[in-house]
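Structural description and commentary
As a plain string of letters, each chain reads:
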Amino acid sequence: MASPGIEVELLGKGHSDLGEVAPEIKASERRTAVAIADLEWREMEGDDCEFRYGDGTNEAQDNDFPTVERSRLQEMLSLLGLEMYQVQKLSLQDSLQISFDSMKNWAPQVPKDLPWNFLRKLQALNADARNTTMVLDVLPDARPVEKESQMEEEIIYWDPADDLAADIYSFSELPTPDTPVNPLDLLCALLISSDSFLQQEIVLKMALCQFALPLVLPDSENHYHTFLLWAMRGIVRTWWSQPPRGVGSFREDSVVLSRAPAFAFVRMDVSSNSKSQLLNAVLSPGHRQWDCFWHRDLNLGTNAREISDGLVEISWFFPSGREDLDIFPEPVTFLNLRGDIGSHWLQFKLLTEISSAVFILTDNISKKEYKLLYSMKESTTKYYFILSPYRGKRNTNLRFLNKLIPVLKIDHSHVLVKVSSTDSDSFVKRIRAIVGNVLRAPCRRVSVEDMAHAARKLGLKVDEDCEECQKAKDRMERITRKIKDSDAYRRDELRLQGDPWRKAAQVEKEFCQLQWAVDPPEKHRAELRRRLLELRMQQNSHDPSSGVQEFISGISSPSLSEKQYFLRWMEWGLARVAQPRLRQPPETLLTLRPKHGGATDLGEPLWPEPLGVEHFLREMGQFYEAESCLVEAGRLPAGQRRFAHFPGLASELLLTGLPLELIDGSTLSMPIRWVTGLLKELHVRLERRSRLVVLSALGVPGTGKSTLLNTMFGLRFATGKSCSPRGAFMQLITVAEGFSQDLGCDHILVIDSGGLIGGALTSAGDRFELEASLATLLMGLSNVTVISLAETKDIPAAILHAFLRLEKTGHMPNYQFVYQNLHDVSVPGPRPRDKRQLLDPPGDLSRAAAQMEKQSDGFRALAGLAFCDPEKQHIWHIPGLWHGAPPMAAVSLAYSEAIFELKRCLLENIRNGLSNQNKNIQQLIELVRRL
């Protein structure tokens, strides 16, 4: 029985004008117009069709088409100053260097500034990062920039049979130094010029900004497109089921591994409706539209795309568990193809294979488009058409739609018509209703890994398939497949940690305290020395387990890329085997922290500590510590050392950007021999560039200090209570050689206190004394200390004690107090009166601190103690991180701008010498030993 025909009633009057259509006709499509006009559809066996060009070649065989495109990529790279990075790719470390530009809120003036401006803003999670507007010096005879409306009116429409088609290439010219660059072209050029790790960082920061992410990177020169699987690996998202029902409703997973229904939006030929605007409206709750996908109405949105046609973008909707905010009850994936499906058949084919439904936006369905869709007759994907007919094409569209009914298995509900007079809100609701109906029915659910598998079958290159990456992945799997239970693995495989290291650390602390005693009993000193040697000999009697040996082999690889791949794989592999109890909502984890005060086991965890890379490095450190201790005591000949090269391996990791543990989170102590050995090796590798400034951040966990450091400098400190290790970590930032003389240092060593400061509200007990000592150590090592506060009076007592102790030594780093609004972005910053109160700790804590430290003058206001003047910007108010309700919230622009100002101030203080005397690494080693 024949399917009923489709009759479409226009939802508005009249036809859309040419101005609506114009922006969708992009430059590269005009250039390929002649070739598309020559396309032939040749009937194969039965009704099968093959997509062929006029010369008889198919798309896969055509290595020379289009000829003009071959040079356009190189021209764009040259215009942006990225041509030099095609052999030696731009690295993550290159992008993080501190330079003159790090202290300026500068605007790009020439196209070569655009990549660096984009990277700088993206590192700071700036919502305006995609804006490629340049500030140009206007010459007297300069031609004024045309308005977007004028540009739209000048777009020329052509007929393939027209004589003008032969000269279609003249309609688009490459941008010149005074022509703005389309943001999507900039993104593609930068990704093409970056190594795998910078690509990953770019995509991760874009995800935090809630930008649509590049999934398929087009190669306009060789038609060898790349599926960006590796670049997506680091993205982890959280969401809540609707309505939330306790702990089980909370989910946290990698976007690469979690499966969700996918919906693709594509354009066929010309459409006066914007896919990207429609997607943004569908994804945005309420009336607040977030521009996830860049579109024509944004600044420079109408600029011709030169190399980014064929780009496939991806974004997600994640529910918050609130019915008033959630558009869909479960995660949903949305895909967007830039350009016409006829010119990017391979990408369209991929989308049809991975999507539950495909929305096709078009104004016209001609015979060519009909045959294109006819070839998809075997697809099980649902198809929906969004039409906006003009120039009297209505009857033609209906005729071809009726022919497609049996082919695509559609009916009248699969065809929507939208013209300029159509109510946008009701149309968006209709699209959401269609998506919701598909979700309720059995539908295809795919992960990004599943998409990559389909891409391989179609012949697309997958970035993760390179040999170094796969070798590193195999090594990681050999380690993680043996981990069935994290606690059991730590006990059985990481044997030098746990009780042996905890006992040795306690003995070393007692021994250190005796060093400062007036007349220590020699007998007790000898007993402590004997116990320590016994414990170290016990540790040294073990050999590294098979997992540790495999880890050492991984970080010993002569290939820097393979080493970096391995470390990233280890981070993700270990996260996958984390204990289920760690995957809980943040508010649940707050209850896991024990109360402070009184006699407490120093090894008692503040929260469950997940197994991470730091545990393997910790094990290496203990092998080195035990061996060094025995050599110092004469119990082991130096020639029999097996682990002397371990600090060198660790220092290389520090130089590649991996945060390394400075204070052990399990025992809350510093492995002094391991840390000094690591710093010595670092000094050797840095040679003459070893001048350091040490910047530390202290505060109670959950006050946003790690996020602040990561946003300020592009660092990789762990964030969130559910995944953060407890120890203090350090990461090295390089200062550009041209700027090091002016700044006064070659590197900045950044220390994140992690979970060391628990925020005890009483000044008594072993735990508190330990926290105060650790705070004193970290602040004593620092030139600059950032104190992160969540509330106006939330200054931990341990930090107050550290202030008092350091004042007696005469070492006072430059302090910056940062009050972070962790809740509402609209809450204003504290008034000057409130700022003064911020620096006045509660009286009982102050008096207790003074009494414990035996200060003769008793209580003093912290403002006087820290030499802080509220009028001189020592106190900062940072607005809320999120703009909106997570998980769909974007980073607040005000947060990003405030972080940049804080960074500028810190660097200015360093340059002006306000951060106390800079150190070289040798001096830092001596300071570590003394403190």
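Residues numbered from 1 in each chain as written. Predicted model: local features only at pLDDT ≥ 70, side-chain atom pairs only at ≥ 80, totals over all residues. Heavy atoms only, no water.

Considering the overall build of the chain
A tally of helices and strands in the chain yields 34 helices and 23 strands. Considering the chain as a whole, with its 931 residues, one finds that 59% of them fall into the buried category. Looking at the chain alone, contacts between residues at least 24 apart form 79% of all its contacts between residues at least 6 apart. Accessible surface for the chain amounts to roughly 38,600 Å². Of this, 51% is attributable to carbon and sulfur atoms. (Helix = DSSP H or I, 4+ residues; strand = E, 2+ residues; numbered from the N terminus. Buried < 20%, exposed > 50% of the residue type's maximum accessible area, 1.4 Å probe, protein only. Contact = heavy atoms within 4.5 Å. Areas by Shrake-Rupley, 256 points an atom, 1.4 Å probe, with all protein chains shown as cover.)

With respect to the nonpolar core
Counting 155 residues, the largest nonpolar core has Phe-227 and Phe-385 as its most contacted members. Among all residues touching Phe-385, those that are not within four sequence positions of it are Met-268, Ile-360, Ile-365, Leu-373, Leu-401, Leu-404, Leu-408, Ile-410, His-414, Val-415 and Leu-416. Leu-567, Leu-686, Leu-806 and Val-928 belong to the second-largest nonpolar core, a separate cluster that totals 80 residues. (Core = buried A, V, L, I, M, F, W, Y, C linked by side-chain atoms within 4.5 Å.)

Considerations on the packing of aromatic side chains
Taken as a whole, this structure holds 28 aromatic pairs when the rule is applied. Here the aromatic residues Phe-263, Phe-265, Phe-317, Phe-328, Phe-334, Phe-359 and Tyr-384 are joined through ring pairs into a cluster of three or more. The ring of Phe-211 is capped by Arg-130, whose NZ or CZ atom sits 3.9 Å from the centre of that ring. Its end group placed over the ring of Phe-400, Arg-399 keeps NZ or CZ at 5.3 Å from the ring centre. (Phe/Tyr/Trp six-rings, centres within 6.5 Å; stacked < 30°, edge-to-face > 60°. Lys NZ or Arg CZ within 6 Å of the ring centre and 35° of its normal.)

Here's the deal with helix H14 (residues 424-440)
Residues separated by three or four positions in an α-helix point in the same direction, a consequence of the helix having 3.6 residues per turn. Look at H14: 24 Å from first C-alpha to last across 17 residues, which is about the 24 Å you get at 1.5 Å a residue. Inspection of H14 places Phe-427, Val-428, Ile-431, Ile-434, Val-435, Gly-436, Val-438 and Leu-439 among the buried residues, and these make up the whole buried set. (Expected span 1.5 Å × (residues − 1).)

Quick look at the pairing of strand S3 (residues 213-217)
With 5 of 5 residues buried, S3 is to be regarded as a mostly interior element. Examined bridge by bridge, S3 and strand S8 (residues 312-317) share 3 bridges and lie antiparallel to one another. Bridge pairing links Pro-214 to Glu-313 in S8. (Pairing = 2+ DSSP bridges.)

Brief notes about the environment of Trp-876
Looking at the element boundaries, Trp-876 is found in strand S20 (residues 875-878). With a relative accessible area of 9%, Trp-876 lands in the buried category. Spatially, the C-alpha atoms of Trp-876 and Val-818 are 4.7 Å apart, while their sequence positions differ by 58 residues. Reaching out from Trp-876, the side chain makes a polar contact with the side chain of Gln-816 at a distance of 2.8 Å. (Polar contact = N/O pair within 3.5 Å; in protein donor to acceptor, adjacent residues only side chain to side chain.)

Digging into the environment of Asp-463
Looking at the secondary structure, you find Asp-463 in the loop between strand S13 (461-462) and helix H16 (467-480). Residue Asp-463 is classed as buried on the basis of its relative accessible area, which comes to 11%. On a C-alpha basis, the gap between Asp-463 and Ser-196 in space is 7.9 Å, while along the polypeptide they are 267 residues apart. What Asp-463 contacts, discounting residues up to four positions off in sequence, is Gln-199, Thr-226, Phe-227, Leu-228, Leu-229, Trp-230 and Ala-231. A distance of 2.9 Å separates a polar side-chain atom of Asp-463 from the backbone nitrogen of Trp-230.

Some thoughts on helix H8 (residues 183-192)
The element H8 is extensively covered by neighbouring structure, given that 10 of its 10 residues are classed as buried. Among all positions in H8, only Pro-183, Leu-184, Asp-185, Leu-186, Leu-187, Cys-188, Ala-189, Leu-190, Leu-191 and Ile-192 are buried. Capping the start of H8, Asn-182 holds a side-chain oxygen 2.9 Å from the backbone nitrogen of Leu-184, two or three residues further along.

Remarks on the layout of surface pockets
By rolling a water-sized probe across the atoms, one finds the places where empty space is left. Looking at the second largest pocket, its volume works out to about 1,900 Å³. Contributing to the lining of the second largest pocket are 43 residues, with Glu-508, Lys-509, Cys-512, Gln-513 and Leu-931 lying nearest its centre. For the lining of the second largest pocket, the elements supplying multiple residues, two or more each, are helix H18 (499-515), helix H19 (522-540), helix H23 (613-632), helix H25 (672-686), helix H28 (766-781), helix H29 (797-809) and helix H34 (921-930). When residues in the lining of the second largest pocket are grouped by element, the largest group, 9 residues, is from H18. In the lining of the second largest pocket, the residues fall into 20 nonpolar, 10 polar and 13 charged. Viewed by domain, the lining of the second largest pocket spans two of them, domain 3 (466-584 + 610-658) and domain 4 (690-825 + 858-930), each represented by three or more residues. (1 Å grid on protein atoms, 1.4 Å probe; cavity = no way out; pocket = protein on both sides within 12 Å on 5 of 7 lines; lining within 4 Å. Points joined across faces, edges and corners; volume = space filled by probe spheres on them. Nonpolar A, V, L, I, M, F, W, Y, C, P; charged D, E, K, R; others polar. Domains from an automatic or database assignment.)

Thoughts on the environment of Pro-331
The topology assignment puts Pro-331 in the loop between S8 and strand S9 (332-340). Sequence separation of Pro-331 and Arg-259 is 72 residues, and the distance between their C-alpha atoms is 8.5 Å. Contact partners of Pro-331, with chain neighbours within four places excluded, come to Trp-239, Ala-260, Pro-261, Phe-317, Phe-318 and Pro-319.

Let's talk about the side chain of Thr-676
Along the chain, Thr-676 falls in helix H25. When neighbours within four sequence positions are excluded, Thr-676 is seen to be in contact with Ile-925, Val-928 and Arg-929.

Overview of the sheet that holds S9
Here 9 strands make up an open sheet; going across it, the order is S12-S11-S10-S7-S9-S8-S3-S4-S13 and the pairing mixed. Of all strands in the sheet, those with a lone pairing partner are strand S12 (415-417) and S13, marking the two edges. Most of the contacts of helix H10 (residues 275-283) go to S9, to which it runs at about 170°, and overall it touches strand S7 (262-267), S8, S9, strand S10 (357-362) and strand S11 (382-387). (Axes fitted to C-alpha atoms, helices over the stretch in contact; angles between N-to-C directions.)

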